[in-house]
Amino acid sequence: MSNVNVKRAVENIRSGTNVYTPLVETIVNAIQAIEAASIAKGRVDILVKRSNQEDLEGGQPPVESFTVIDNGIGFNDENRDSFDTLYSDHKIAQGGKGFGRFTCLKYFDDLLIESVFEHEGG
């Protein structure tokens, strides 16, 4: 088994990304999960949580977090193995680069992933 210095992997993400990249990556992953599950009525919900503190200049309160919920395939064994592999080629045919979760960590303080999936009929 190899070790990965996550902090250095995140620091090495440079060009071609911005603060919106993690949200786009997450939404694309949700759409791909729906396609992988062959769900006819796929659904992606994007929730934006704003601060309770009003903006002093009268604008919108700052965004604190995003939540992306989908009804796709979930973290089955294959997807979990891919997630645990830096630069995975699991979704290379779909344009995946294998480091989207690290892009999330570059722009946000943390990343929480919850997954429900079917395994051996349960």
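Residues numbered from 1 in each chain as written. Predicted model: local features only at pLDDT ≥ 70, side-chain atom pairs only at ≥ 80, totals over all residues. Heavy atoms only, no water.

### As for unusual backbone geometry
Quick note on the threshold: To qualify as a helix, a DSSP run of H or I must reach at least 4 residues; to qualify as a strand, a run of E must reach at least 2; elements of each kind are numbered from the N terminus.
For Ser38, which is not a glycine, the phi torsion comes out positive at approximately 55°. As for its placement among the helices and strands, Ser38 is situated in the loop between α2 (21-36) and β1 (44-50).

### Re the confidence of the model for the protein chain
Inclusion rule: Looking at any residue, its pLDDT shows the predictor's confidence there, from 0 to 100.
Of all residues in the protein chain, 99% attain a pLDDT of 70 or more, and the chain-wide mean is 84. Within the protein chain, no element has a lower average pLDDT than helix α1 (residues 6-11), which sits at 80, and none a higher one than β1, at 95.

### Regarding the side chain of Gln32
This is how it is decided: Counted as a polar contact is a pair of N or O atoms within 3.5 Å, where, for protein atoms, one must be capable of donating a hydrogen and the other of accepting one, and residues adjacent in sequence contribute only when both atoms are in side chains. In what follows, a contact means two residues having at least one pair of non-hydrogen atoms within 4.5 Å.
As for its placement among the helices and strands, Gln32 is situated in helix α2. One polar contact links Gln32 to Lys91, side chain to side chain, over a distance of 2.8 Å. Dropping the residues within four chain positions of it, Gln32 is found in contact with Lys91 and Gln94.

### Concerning the packing of α2 against helix α4 (residues 100-107)
Put simply, the rule is: Axis definition: a line fitted to C-alpha atoms, limited for helices to the stretch in contact. Angles are taken between N-to-C directions and run from 0 to 180 degrees. When an angle is under 35 degrees it counts as roughly parallel; over 145 it counts as roughly antiparallel; between 65 and 115 it counts as roughly perpendicular; any other value is oblique. Less than a right angle of anticlockwise turn of the near helix away from the far helix marks a crossing as left-handed, whereas a clockwise turn marks it as right-handed. Amino acids are sorted into nonpolar (Ala, Val, Leu, Ile, Met, Phe, Trp, Tyr, Cys and Pro), charged (Asp, Glu, Lys and Arg) and polar (every other residue, Gly among them).
Relative orientation of the contacting elements α2 and α4 amounts to 150°, with a least axis distance of 8 Å. By the criterion of interaxial angle, the relationship of α2 to α4 is roughly antiparallel. Judged by the sense of rotation from one axis to the other, the crossing of α2 with α4 is left-handed. Contacts between α2 and α4 pair Thr21, Pro22, Glu25 and Thr26 from the former with Gly100, Thr103, Cys104 and Tyr107 from the latter. Considered class by class, the residues forming the contact of α2 with α4 number three nonpolar, four polar and one charged.

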